[in-house]
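Residue-level structural notes
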Amino acid sequence: MTALLSIRDLGVVYRRDGSEVPALKSVSLDVLAGERLAIIGESGSGKSTLALAVAGLLPTGALVDGTIEWSAGQLQKPRSVTPLSVLPYTAGRPEGGVKDRQPLHFRLIGGRDIGFVFQDPSSSLDPVMPIGKQIAEVARTHLHLTWREAFTRAKILLERVRLPDPDSALHAYPHQLSGGQKQRVAIAAAIAAEPMLLIADEATSALDTIVQAEIVALIRRLVAEDGMTLIFISHDIALAAALADRIAVLRHGELIELGETRQIVNAPRHAYTRALLDAHLGLDAEPLLDRQGASA
Amino acid sequence: MSVLAVSSLAKRYHRGGKPFAAVDDVSFDIGPAETLALAGPSGSGKSTIARLVLRLIEPDTGRIDFEGADFLALSCAALRSCRARIQMVFQDPLAAFNPHATVGRVLDDPLRIHNIASRAERPRRIAALLERVGLDAGLAARAIHEISGGQRQRVAIARAIATHPSLIVLDEAVSALDVSVRGQILELLLDLQRQERIAYLFISHDLGVIRAVAHRIVILDSGRIAESGDARAVIANPQSAIGKALVAATPKLIRNRP
Ligand SMILES: Nc1ncnc2c1ncn2[C@@H]1O[C@H](COP(=O)(O)OP(=O)(O)O)[C@@H](O)[C@H]1O
Ligand SMILES: Nc1ncnc2c1ncn2[C@@H]1O[C@H](COP(=O)(O)OP(=O)(O)O)[C@@H](O)[C@H]1O
Ligand SMILES: [Mg+2]
Ligand SMILES: [Mg+2]
């Protein structure tokens, strides 16, 4: 497979209260065209920073070096930009209630399109605009459609993400939907302009297990149907392994290990990866209760 | 005798003007030093049950017995002393504490409010509590917002055990933690349970976590009990539709160990 993008020696340092927070240290990796790549690691390891750097969405003031090269040979000098809506900084996993809205779709220099799905769908949806209009807006702007065409497309997208009753859903507002349904709408909007790369950053982490499985299945299907490349960011190694072709492991801003899912899961090279695997509490793991020899 | 016995508990709310049952005819009990897990999809009534058991809200109908006494009929004074014996730990300790308060202050409160230690004695008790949950006693001077999520959850546990409870309600208490930290917190909870014979009402949407620490499980669906029983047996062979769906949806890590 050919590389859709090549990241070389990517370093990101945030500046906060006069001090410098290194978030990524000399990360180099290729994202292959058409692959499902998972980025895993514990909170603060730099996963979101990597995603934002690829999308060209790092906040103003972040110090960036290294290169990100896209397949057609265009060099995108990774830099910090001020996007239309500035990404708010939240320590750890964001909890919602975000004032500035996060963008759903970006066109990079050279016309590279990226769809972005965040953990909290409310952060990228406008609470006072019907969801059909929000999806149509993305399609209209980026695909140069008329409103009429864009609405037709929005309805098809709501069907594709399996929102119940797409006709009336077009006119619904975000607050009328459940968390899982809102995430379906955010995904519909993220793919509305046919991006070649879809980035899902902890897109299922706020959902319960059953809804999470549905959303993962949805992402898998859409990516396959549209031939998109997927960067799937998660702190859950089991979830990542169930979806991804390859897994990249980040720790303290460094790329610790990158390999085929089978290799990472069965023959991790790095002790840290093994520790992450061992810490997973699966339905076949030995219960901690037994390990401690305790019982009621 | 059970620590907590809940019978025919019901709580209705209104949604879109219509009443619906957030908790509907729920009964279970928890024995001393036992962990009962509440599982179920989001909105199935887990947190509402936690809040009913903590008497943060009142049920429409049903009965709650705590340590053999009718918990709902307790007088104000009796309720206060009972409250010391039922403690709680929630998902986000930042939301539960004033983030600018020091760790020492957070632990001082229960000791003072429940007359557990004199003012002179309290610093020593606070140090002992911190050490009991695996933290350095020097952490007492730090502000809640300055310490890590894992440390904060240990502080929440220290605060919960300060009053020698017989029951701790844990509502998604480990859900926001990184896996390595989560493992340590679960080990700590098991250790405390063995040493202090504390019962846990352990709420989680993660069957892997439940299976690791719970003796019994109750699976909820739309406010009702779908099934219950031995945690491992139920998870290995769920009978209800929601139980099967939860097991099927749990990510499986298939490793071929050499
Ligand atoms: N806007 C920001 N300003 C300052 N520090 C930040 C900002 N965003 C992230 N960080 C810090 O950068 C590091 C990596 O964060 P992040 O990429 O969000 O990690 P992850 O997504 O893996 O949890 C962390 O130490 C975090 O606190
Ligand atoms: N104070 C309230 N007012 C109205 N509805 C509520 C209130 N608290 C909870 N609910 C509703 O009750 C149901 C159960 O909620 P909850 O107990 O929080 O579920 P869980 O913790 O299992 O996710 C949900 O439909 C929720 O929206
Ligand atoms: Mg992140
Ligand atoms: Mg809850």
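The preceding data block contains the structure.
Predicted, not measured: the structure shown is a model, and the values here were computed from it. In this convention, every chain numbers its residues from 1, walking through the sequence in written order. Chain labels run from A onward and ligand labels from 1 onward, assigned in the order the entries are written. Note on the predicted model: pLDDT of at least 70 is required for a residue's local features to be given, and 80 or more for side-chain atom pairs to be given and counted; whole-chain, interface and lining totals, by contrast, use all residues. Hydrogen atoms and water are omitted, and side-chain values are computed over all heavy atoms in the structure.

1. What about the site of ligand 2?
Residue and element names in this part refer to chain B. When we say a residue is near a molecule or strand, we mean one of its heavy atoms is within 4 Å of it. In the neighbourhood of ligand 2, the contacting residues comprise Tyr13, Arg15, Phe20, Ala22, Pro41, Ser42, Gly43, Ser44, Gly45, Lys46, Ser47 and Thr48. Pairs of N or O atoms are called polar contacts if they sit within 3.5 Å, as long as, within protein, a hydrogen donor faces a hydrogen acceptor (for residues adjacent in sequence, only side-chain-to-side-chain pairs). Between ligand 2 and Arg15 there is a distance of 3.1 Å, counted from an oxygen atom to a side-chain nitrogen or oxygen. A distance of 2.9 Å is found between an oxygen atom of ligand 2 and a side-chain nitrogen or oxygen belonging to Ser47. Note on areas: Shrake-Rupley, 1.4 Å probe, and residue coverage restricted to the protein chains presented here. When ligand 2 sits alone it has 560 Å² of accessible area, and the protein chains cover 66% of it. The secondary structure listing takes helices from DSSP runs of H or I that are at least 4 residues long and strands from runs of E that are at least 2 residues long, numbered from the N terminus. Of all the elements in the fold, those that place two or more residues in the shell around ligand 2 are strand E1 (4-15), strand E2 (18-30) and helix H1 (46-53). Taken together, the residues that form the shell around ligand 2 break down as 4 nonpolar, 6 polar and 2 charged. In this classification, the charged set is Asp, Glu, Lys and Arg, the nonpolar set is Ala, Val, Leu, Ile, Met, Phe, Trp, Tyr, Cys and Pro, and all remaining amino acids, among them Gly, are polar.

2. Details of the packing of aromatic side chains
Stacked, tilted and edge-to-face pairs are distinguished by plane angle, under 30 degrees for stacked and over 60 for edge-to-face with tilted covering the rest, among Phe, Tyr and Trp rings (Trp via its six-membered ring) whose centres lie within 6.5 Å. For the structure shown, the criterion picks out 3 aromatic pairs over all chains. Aromatic side chains Phe116(A) and Phe118(A) sit 4.4 Å apart centroid to centroid with 10 degrees between the ring planes, which places their arrangement in the stacked category. Categorising residues by exposure relies on relative accessible area from a 1.4 Å probe, with only protein chains included: less than 20% of the type maximum marks a residue as buried, more than 50% marks it as exposed, and the intermediate range marks it as partly exposed. Residue Phe116(A) is classed as buried on the basis of its relative accessible area of 0%. Lysine NZ or arginine CZ positioned within 6 Å of the ring centre and within 35 degrees of the ring normal marks a charge as sitting over the ring. Above the plane of the ring of Phe71(B) lies Arg55(B), whose end atom (NZ or CZ) is 5.9 Å from the centre.

3. Things to note about the site of ligand 1
All names here are of chain A. Taken together, 14 residues surround ligand 1, and among them Gly44, Gly46, Lys47, Ser48 and Thr49 come closest. Within the backbone of Gly44, one N or O atom sits 2.7 Å away from an oxygen atom of ligand 1. Counting residues per element, the ones that place at least two in the shell around ligand 1 are strand E1 (3-16), strand E2 (19-32) and helix H1 (47-55). Ranked by the residues each element gives to the shell around ligand 1, the list is headed by H1, at 3 residues. A class-by-class count of the residues in the shell around ligand 1 yields 5 nonpolar, 6 polar and 3 charged.

4. Details of the sheet that holds strand E4 (residues 61-66) of chain B
What links the strands of a sheet is backbone hydrogen bonding, and the strands pair in either a parallel or an antiparallel sense. Residue and element names in this part refer to chain B. Strand pairing is assigned whenever DSSP identifies at least 2 bridges connecting the two strands. Taken together, the 4 strands give an open sheet; going across it, the order is E2-E1-E4-E5, and neighbouring strands pair in antiparallel fashion. The strands lining the two open edges of the sheet, one partner per strand, are E2 and strand E5 (69-70). Direction of pairing for E1 relative to E2: antiparallel, over a ladder of 9 bridges. Pairing of Ala5 across the sheet is with Asp29, part of E2.

5. With respect to helix H6 (residues 149-161) of chain B
Residues and elements named next belong to chain B. By this rule, a helix spans an expected 1.5 Å times one less than how many residues it contains. With 13 residues, H6 ought to run about 18 Å at 1.5 Å a step, and its terminal C-alpha atoms sit 19 Å apart, in line with that. H6 sits mainly inside the fold: 10 of its 13 residues count as buried. Every buried residue belonging to H6 is among Gly150, Arg152, Gln153, Arg154, Val155, Ala156, Ile157, Ala158, Ala160 and Ile161, and all of these are buried. It only takes one pair of heavy atoms within 4.5 Å for two residues to be counted as in contact. Looking at the buried side of H6, the elements it contacts are strand E6 (86-90), helix H3 (93-96), helix H4 (103-113), helix H5 (122-132), strand E7 (167-171) and helix H7 (179-196).

6. Things to note about helix H5 (residues 179-190) of chain A
Its 12 residues give H5(A) an end-to-end C-alpha distance of 16 Å, which sits within 8% of 16 Å, the value for a rise of 1.5 Å per residue. The element H5(A) is extensively covered by neighbouring structure, given that 10 of its 12 residues are classed as buried.

7. Details of the packing of helix H2 (residues 131-143) of chain A against H5(A)
All names here are of chain A. Direction vectors running N to C along H2 and H5 enclose 25 degrees, while the axes themselves pass 8 Å from each other. As far as their axial angle goes, H5 and H2 are roughly parallel. Contacts from Ile131, Ile135 and Val138 of H2 reach H5 at Val185, Ala188 and Ala189. Residue composition of the contact of H2 with H5, by class: 6 nonpolar, no polar and no charged. Axis definition: a line fit to C-alpha positions, over the contact stretch in the case of helices; interaxial angles, taken between N-to-C directions, run 0 to 180 degrees. Roughly parallel means an angle under 35 degrees; roughly antiparallel means over 145; roughly perpendicular covers 65 to 115; every other angle is labelled oblique.

8. Description of unusual backbone geometry
For Arg162(A), which is not glycine, the phi dihedral falls at a positive 60 degrees. Tracing the chain through its elements places Arg162(A) in the loop between helix H3 (147-160) and helix H4 (166-169). Arg162(A) gets classed as exposed once you look at its relative accessible area, which sits at 53%. The phi angle at Ala33(B) is positive, at roughly 60 degrees, despite the residue not being glycine. Residue position: Ala33(B) is located in the loop between E2 and strand E3 (35-39).

9. Comments concerning the pattern of salt bridges
All names here are of chain B. Here, a salt bridge means any Lys or Arg side-chain nitrogen found within 4 Å of an Asp or Glu carboxyl oxygen. In total, this model carries 32 salt bridges over all chains according to the counting rule given. Across the pair Arg124 and Glu121 runs a salt bridge, and its minimum N-O distance is 3.9 Å. A relative accessible area of 59% means that Arg124 is categorised as exposed. Overlapping salt bridges bring together Arg105, Asp108, Asp109, Arg112 and Arg122 as one network.

10. Considerations on the interface of chain A and chain B
With 36 residues of chain A at the contact, the number on the chain B side is 40 residues. Two parts placed together each lose some accessible area; with a 1.4 Å probe, that loss summed over both constitutes the buried area. Together, the buried faces of chain A and chain B total about 3,300 Å²; carbon and sulfur atoms form 56% of this surface. The interface formed by chain A and chain B includes 2 salt bridges. Between Arg232(B) and Asp290(A) there is a salt bridge, with its nearest N and O atoms 2.9 Å apart. Run the count over chain A and chain B and you get 11 residue pairs in polar contact (both at pLDDT 80 or more). Elements represented by at least two residues in the side of chain A that touches chain B include exactly helix H6 (209-226), helix H7 (237-243), helix H8 (261-266), helix H9 (271-279) and helix H10 (288-292) of chain A. When residues in the side of chain A that touches chain B are grouped by element, the largest group, 5 residues, is from H9(A). Grouping the constituent residues of the side of chain A that touches chain B by class yields 19 nonpolar, 8 polar and 9 charged.

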